[in-house]
Every structure is written in C-alpha cells, then in structure tokens.
Amino acid sequence: MLALLAEATRILYTEQPLEQRLQRLFALLRPVVNFRDARLTCWLQGAQPGTVRQQFYAADGWPYPWDDGLTRRVALDGGVVVRPIVVSNPAAAGEHLPVMQAAYLGAPLHWERRLWGVLELRAEQPTSLEGSRELVAALLPQLAVAIAQTGQQLRAAPVGASDGETPTGLTLLPPHQQQLLALDARLEEMLALPELLSLLLRQALSATGAEAGAVLLVDHAVGELLLQIAEGFPPEHWHGLTATRRQRLSWDAAGLTGRADECDHAPLLRDVTHEPLLLPTGMDVQSELIAPILVNDCAAALLVLDSTRVNAFGVEDLAFMRALCARAAHPLSRTLHYQDAIESANYLGQVFNNLPTGLALLDVNGKVVRTNPAWTQLWGLEQASRRETFHVSLDLIELLLPRLSEPLRLTEFCSAGQRSPNETMNLRVRLSNPVQELQILAVPTRDSQRQISGRLWAVDDVTREREADRLKNEFVSIVSHELRTPLTSILGYTELLLSREFKSEERIQFIKTVYDEAERLAKLVEDLLSVSRIEAGKVQLNRWLNSLNSIVNELSTQLHTQLVVHRLLLDIAPDLPPVYIDRDKIKQVIFNILNNAIKYSPKGGEIALEMALAPPLRLPANHPPGRWIRVAIRDQGLGIAPDDLSRIWERFYRVDNTNTRRIGGTGLGLSITKALVELHEGQIWVESELGRGSSFYFTLPVPGA
Ligand code: ADP
C-alpha cells in the first residue's frame, strides 16, 4: 500500500493538467481497488469570484448514470461512505441496461477546513470496495491538495506570475518563496518521520531566525504531546530533553489546556512574558511561536520556535510558517502512516518471533514463507529450515518420517488443507525419539483484499499435558488397586479371626498375613509421601560420614524372610572408604533395588550385591570425574525389554506384561530411588537383558582426604 501511495503522490505532484493526473491515478488504482467506474467532482476557486465545479470521469466508464443526490450527501456528511447501491438506466435512455446490484464508495476531500471535492467509485460486486476504504482515505489529503493547487494556478494565471500568496492569504517574502520551492521536491520523497521533522525544524529556524525550536507530535487520544526533536536549546537542557527522547507532556503541563482547538487553527504568536511556555526550555525565552501541522483538520504535530528577543516573530514569519505547515501536511500524514506501518510490522515481528507457539506462514501451495524460532525448535528442524524452499506436506513429512508414528494422518491433514483452503483444521501428531506430542492448528490467512493467501500453522508442544494426563490416570488406577488388594485381605482375615476360634498356628498365620498386608499399605503411603516431598523439593538430606557395610548388615537382617528363597551374594571391597550420606535415604535406595531384584526373580535366583571404588573406565560416559563408590545389584530375573529401560525411572511406570501384573507394585520405587541418588550427586543406571536378568548400578561420591 505504501508503494502505491508513493506512486499516487508522484502522479498527483507532476506538472500535468489535473485531468491527465487524475486519469493516471485512476489507471493506477483500478487493478488494486477493482472498481468499474470512478468520478471526481471538484470545486475550484478560479480568478473569477465564486467557484467552478468540474467533474472528471475514469476512462472506459460504465454506461449507468451517476446518482448526484448521493454525491451531495457525501459532500455534506463529511466521512468516507461505502454502501451497496442499485444501478439502472432511466426509462428514457435508448439503450436498455439490466438493473444491477453494485457497490458505491464516496469520499469527501477536505483540506484547510474546506471541501475541495468528492471522489466516487462504483464496483460490480456488491461487497467489494469495503476493503479499499483505508487506501482511499489515505489518498484524500493528497487529492485535495492537488485540487487546491490547481485552483491557485487558475487564480495566479491571469496576473501572470505567482504573487507568493499562501492558501490562507498571507504574503510570503520572495526568499521564503524560494526556500519553499526548493523544499517541495525534498518533502515529496520523504518516508522517514524523524528526517522529515528535522528538515522542517531546520527550515523554520533558518527562515524565522529563532534560536531554538522543537517538534512535538500530538496524541489526541490521551491529550499528550510527544517530543520528537529539539534544536538550539542550551546544551545541558538539550541533554535533559534527549535523555528521555520520547518525552511526553500532558496538555496541562504544557500550558496548552483548552487551547488544543486554537492550535488547530493558526500559528500562535506569543509574548511569553504573559504566557506559560509550551516547553521547559532552560533559556530566557521572550517570544514563542507555535505552528500546528494539520492532518485531516486536526493538529498532528506542533512546530515550536523560541527566541530570546522580544517580539521576535513578525507577520512574514507567520506567513512562512503557515505555508511551511501547509506543505508539510501531506508528507507528515504519509510519514506517520509509514511510521505506523513500520512500527506495527516491527511489533508483530517481535510477537511472532517470541511466541512459544511454533508458527509458520504458508502460501496457497503449502510452501513455507516465514517461520518463527519456536517452529524450528519444536519440529527439531535446525537444518531443514535453511532449505531454499520448504514445503510442509512434502518436506516436513519426509524429514519427520522416522519419528512419525502415523505419517498418513499428517499427509491427509496437509492435502485436506489444500482441498478446502478456507477451513480451520486441528491435528495431534505423535513423534517418537524423543517422545513428543504436538498439536497443530491450521487457519486460513487472507490478504488485504480478503482473498485467501495461504495458511498459518500454529504448533504447540502438548507432551507435558499428555504426560500429566497419563500420570493422573495411572495414579488413580494403581493407587486404588494397591489399596484395595491389601485392604481386602486384611478385612477378610480379621473377619475370619473374629468369626470363630482357630488353632494357634492358623491364627498366627492369619495375623502374619494381616501384618504383611498392613505393611504393604504403610509402604504405599510412605512412597506416595516420598514422591510428593521429592516433587516439592522438600527432601532434606541429613548427611554424615557412614560406612556402607553397616547398612548392608542391617538390610540383610531386614530382608531375611524374603531371602529364604533367593541367594544373596555379598561382594564388598575390604577397604571401602566411608561415604558422606544420609544413612536412611541410602538404605532406602539399596532396599528398593534389592526388593525389586527379589520380586522380579524366580525362586532360587541368585542376587549379588557388590560395593567397591569405581574403576573410572567402568563409569558411564557422561559420569562426572572424581572418586566414587559404585554399588551394583545384579539378579537373574525377568530382565527388562530395551523399550522399557529408559522409562522405568518414571513415576507410576510399570512394565506391563503377564509376569509383572501378577507381581504387583506401584511404579514408584525406582523414581524415588533415582531422585535420592541424584540428591547425593550420584548417578544411577541399569543394564538388562530380557529373560536373563538385570544389573542396577549407582554411585556415591567419596569425600576428599
Ligand atoms: P514397582 O516395582 O513397584 O512396579 P519400580 O519403580 O520399583 O516399581 O519399578 C518399575 C518397573 O521396573 C517395575 O514395574 C518392573 O517392571 C521393572 N523392574 C524394576 N526392577 C526390576 C528388576 N530387578 N527386574 C526386572 N524388572 C524390574
């Protein structure tokens, strides 16, 4: 749109007659706005008193007559009007045309508090033109200025030469005229707001002889002035002003309360001995001149000039400032639009780049046009994204194929998107290695003409939510099962015991079962509490120098009953140094692993417990260096399948097969064990072969000498 506006401006500012300029403008707009017919009605103020009404029609017009009543209404109403209309030709006309639904856009051209004309467009589709409202609105001031200038030329022509009159009637000094003439071409090219403001301020300072000046933008929405640039103020003050470059002044602080309106009309010539200053200048200001630059009849910026001389500004300065501000109106509106466009592009760019949701903009063919960093990261695409052209349905699937559990679904999703481009679609994709679950939302995108321009893919990583769901479900099912089984036995046996007398051995057997089941319940509660304490980071280690031998002795007594059917072989290095540990916690670690070795081994299986200083080469590759004791617990039990090996450390994860189901458990033991070892700065790992047995290892640091 900016390029189009710039081109339109160039056309309107050429030296050609107005008619030719308008025809070129219509030709430029026609393919973009898609109108069928256009007309400009304008009122020029010529040399003769009164105004001349002229109408210009787009070449290749529509045979349907225009509705002058509508034109008048637009001229009176004051705003851009877009509405559906019905076109027909009057009964009297020879040629017969069908009655048709059409669209109409009417826009009044205001400048300098005057109506200069009305621009009208008609289109064949009843709904079109609405999208062009903004573009047309941006063109209006330029068109108005073009018409106003044509009027001036008409007026100037009979006298032979320009009399230097400004549109408001004040006379310009010849050097000022020269200066403005030279300025015109430069103003026309400018796009950057700071450059424009600084050019205007310098011109104003040099023409009026003011010692200092500033430009402020007016923010009508909040009633504030925004200091943009200042020049000529004492260095220390200038420093203060630039330190907060984008300084805001409220109307009140600026002493301008209630004068906003006044500012909208004319430059103010001030004797500041009676008036508060607009800016805190830091110098002995005696005169201040404030000139507003009006955009759409409203002060968009204020040019403030200060002088230490009394009555420094004369009528010729006012004339110059008025002429300067009038010329600056259109470039200011253009640069403000441009600035707005840049700011919003910049803002949207930042949002786009910083969102944790992976975003990709696709064109209509599914080719990726732009992506944000989260996109590349979520799909793990570092390399691929640098490909020249990246096509979601082809390249993404090809790249992810080894990780996609259901490649067909993604393919279908992509092709469905192309079949029905205006539908919003949703898909969940599961990836393996590492396990990842992604949620894709694909929404259609539209260009400024409301045409479908492609799709936006938004991808969120929902692995954690999924995991949380799974954990919750497993928690409920495991805990309820693990509670119900022992409770049923306890209730059953106690009921039996109460119902009648039993022989003493029988009674002892029952009570022992009740005791064992109660112990199982107590262990479940203890494990659940441990997990929640670990999770909350509330586990405090009570560390002392301890010998591991004594822990092993205690444990073999404790596991005495379980160990009748298994053989426990101890291989403990004789010179084992003491370790700095929380005794109870490490006992719990060894207990859990031994208990599993017993649980998951057949009767008669051999279980070995080894403790020795770890030979550095026998530690895993990523193990930290230093002196470590390595504890190994080996069994000849069920073993663990490779797929389950990495998952047995997760909370509530249980290998699911007929054997383990029969054995029972909560899937909490190893997750607690791992957390406790890591709290001691150690590492834990496992080697296992299905059907042959497992070896669990963990390390504990040996404190330095
Ligand atoms: P639980 O034993 O209560 O199920 P754990 O967290 O202690 O929970 O163990 C998780 C899973 O790891 C167990 O369900 C079991 O399938 C597997 N596992 C643990 N230790 C062994 C072992 N020594 N031999 C075979 N499988 C084991």
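- With an unreviewed UniProt entry as reference, the chain is termed histidine kinase, source organism Candidatus Viridilinea halotolerans.
- What the UniProt record of the chain gives under Catalytic activity (unreviewed entry) is the line "ATP + protein L-histidine = ADP + protein N-phospho-L-histidine."

### So, the pattern of salt bridges
Note that side chains of opposite charge can pair when their charged atoms are close.
Reasoning step 1: One pass over the structure, following the stated rule, counts 29 salt bridges.
Reasoning step 2: With its nearest N and O atoms 3.2 Å apart, the salt bridge here joins R133 to E130.
Reasoning step 3: What makes E130 partly exposed here is its relative accessible area of 42%.
Reasoning step 4: Close ionic contact of R409 with E406 constitutes a salt bridge, the shortest N to O distance being 3.6 Å.
Reasoning step 5: It is possible to trace a salt-bridge network through shared partners that takes in E467, R470, E474, R647 and E650.

### Describing the packing of helix α11 (residues 392-400) against helix α12 (residues 407-419)
Reasoning step 1: Where α11 meets α12, the closest approach of the two axes is 10 Å, and the angle between their N-to-C directions is 170 degrees. In terms of orientation, α11 lies roughly antiparallel with respect to α12. Residue-level contacts link V392, S393 and I397 of α11 to L410, T411 and C414 of α12.
Reasoning step 2: Here the residues of the contact of α11 with α12 are counted per class, giving four nonpolar, two polar and no charged.

### Overview of a nonpolar patch on the surface
Reasoning step 1: Side chains of Y347, L348, V351 and L355 sit close together on the surface and give an oily, nonpolar patch of about 390 Å² of accessible area.
Reasoning step 2: In this structure, V351 sits in helix α9 (residues 315-354).

### A closer look at the site of the ligand
Reasoning step 1: Near the ligand there are 20 residues, and of these N596, Y600, D635, R654 and L670 occur at the shortest range.
Reasoning step 2: Between V655 and the ligand, the recorded distance is 3.4 Å, taken from a backbone N or O atom to an oxygen atom.
Reasoning step 3: Contact distances for the ligand include 2.8 Å between an oxygen atom and a backbone N or O atom of L670.
Reasoning step 4: The fraction of the free accessible surface of the ligand (530 Å²) that becomes covered by protein chains is 97%.
Reasoning step 5: For the shell around the ligand, the elements supplying multiple residues, two or more each, are α16 (583-599), α19 (669-679) and β23 (693-701).
Reasoning step 6: Ranked by residues supplied to the shell around the ligand, first place goes to α16 with three residues.
Reasoning step 7: Looking at the shell around the ligand residue by residue, the classes come out as nine nonpolar, eight polar and three charged.

### A few points about empty space enclosed by the protein
Which parts of space are left empty comes out when a probe the size of a water molecule is rolled across the atoms.
Reasoning step 1: Scanning the model with the defined rule gives three cavities of 30 Å³ or more in all.
Reasoning step 2: Of the pockets and cavities examined, the largest cavity occupies roughly 50 Å³.
Reasoning step 3: Looking at the lining of the largest cavity, the elements that each hand over two or more residues are α12 and β14 (425-431).
Reasoning step 4: With four residues, the single largest contributor to the lining of the largest cavity is β14.
Reasoning step 5: Its residues placed into classes, the lining of the largest cavity shows four nonpolar, one polar and four charged.

### Let's talk about the environment of Q203
Reasoning step 1: Along the chain, Q203 falls in helix α6 (residues 193-208).
Reasoning step 2: On the basis of relative accessibility, which here comes to 14%, the residue Q203 falls in the buried class.
Reasoning step 3: Between the alpha carbons of Q203 and F320 there is a distance of 9.9 Å; along the sequence they are 117 residues apart.
Reasoning step 4: Dropping the residues within four chain positions of it, Q203 is found in contact with Q179, L183, R186, F320 and L324.

### Looking at the pairing of β14
Reasoning step 1: Residue alternation in β14 divides its side chains into a buried set, M425, L427, V429 and L431, and an unburied set, N426, R428 and R430.
Reasoning step 2: Bridging between β14 and strand β15 (residues 436-446) involves seven bridges; their strand directions are antiparallel. Paired with N426 across the strands is L441, a residue of β15.
Reasoning step 3: In sequence, β14 turns back onto β15 through a hairpin of four residues, with N433 there showing a positive phi of about 55 degrees.

Cut-offs used in this document
Every chain's residues receive numbers from 1 upward, in the order its sequence appears when written. Owing to the predicted nature of the model, reporting of local features is limited to residues with pLDDT of at least 70; listing and counting of side-chain atom pairs is limited to 80 or more, with chain, interface and lining totals taken over all residues. No hydrogens and no water enter the side-chain calculation; it runs on all heavy atoms of the structure. UniProt positions are given in the numbering used here, feature names are shortened, and annotations may be inferred rather than shown by experiment. Put simply, a salt bridge is a Lys or Arg side-chain nitrogen that is within 4 Å of an Asp or Glu carboxyl oxygen. Think of it in three bands: residues with accessible area under 20% of the maximum for their type are buried, residues over 50% are exposed, and the middle band is partly exposed, with areas taken using a 1.4 Å probe on protein chains only. Orientation is described by lines fitted to C-alpha atoms, with helices fitted over the stretch in contact, and by angles between N-to-C directions that extend from 0 to 180 degrees. Each helix corresponds to a stretch of at least 4 residues labelled H or I by DSSP, and each strand to a stretch of at least 2 residues labelled E; elements are numbered beginning at the N terminus. Put simply, angles under 35 degrees are roughly parallel, angles over 145 are roughly antiparallel, angles from 65 to 115 are roughly perpendicular, and the rest are oblique. Should any heavy atoms of two residues lie within 4.5 Å, those residues are counted as being in contact. Throughout, the ten residues Ala, Val, Leu, Ile, Met, Phe, Trp, Tyr, Cys and Pro are labelled nonpolar, Asp, Glu, Lys and Arg are labelled charged, and all others, Gly among them, are labelled polar. Note that patches include only residues with greater than 30% relative accessible area and no salt bridge, and the join distances are 9 Å for like charges and 5 Å for nonpolar side chains (Val, Leu, Ile, Met, Phe, Trp, Tyr). Computed by Shrake-Rupley with a 1.4 Å probe, the accessible areas treat only the displayed protein chains as cover when residues are assessed. Nearness is defined per residue: one heavy atom within 4 Å of the molecule or strand is enough. Within 3.5 Å is the distance limit for a polar contact, defined as a pair of N or O atoms, with the added protein rule that one can donate a hydrogen and the other accept it, and that residues adjacent in sequence qualify only through two side-chain atoms. Definitions used throughout: a 1 Å grid over protein atoms alone; a cavity as a set of points that fits a 1.4 Å probe which cannot get out; a pocket as an open set with protein on both sides within 12 Å along at least five of seven lines; a lining residue as one with an atom within 4 Å of a point. Grid points are joined across faces, edges and corners, and a volume is the space filled by probe spheres set on the points. Pairing between two strands is assigned when DSSP locates at least 2 bridges connecting them.

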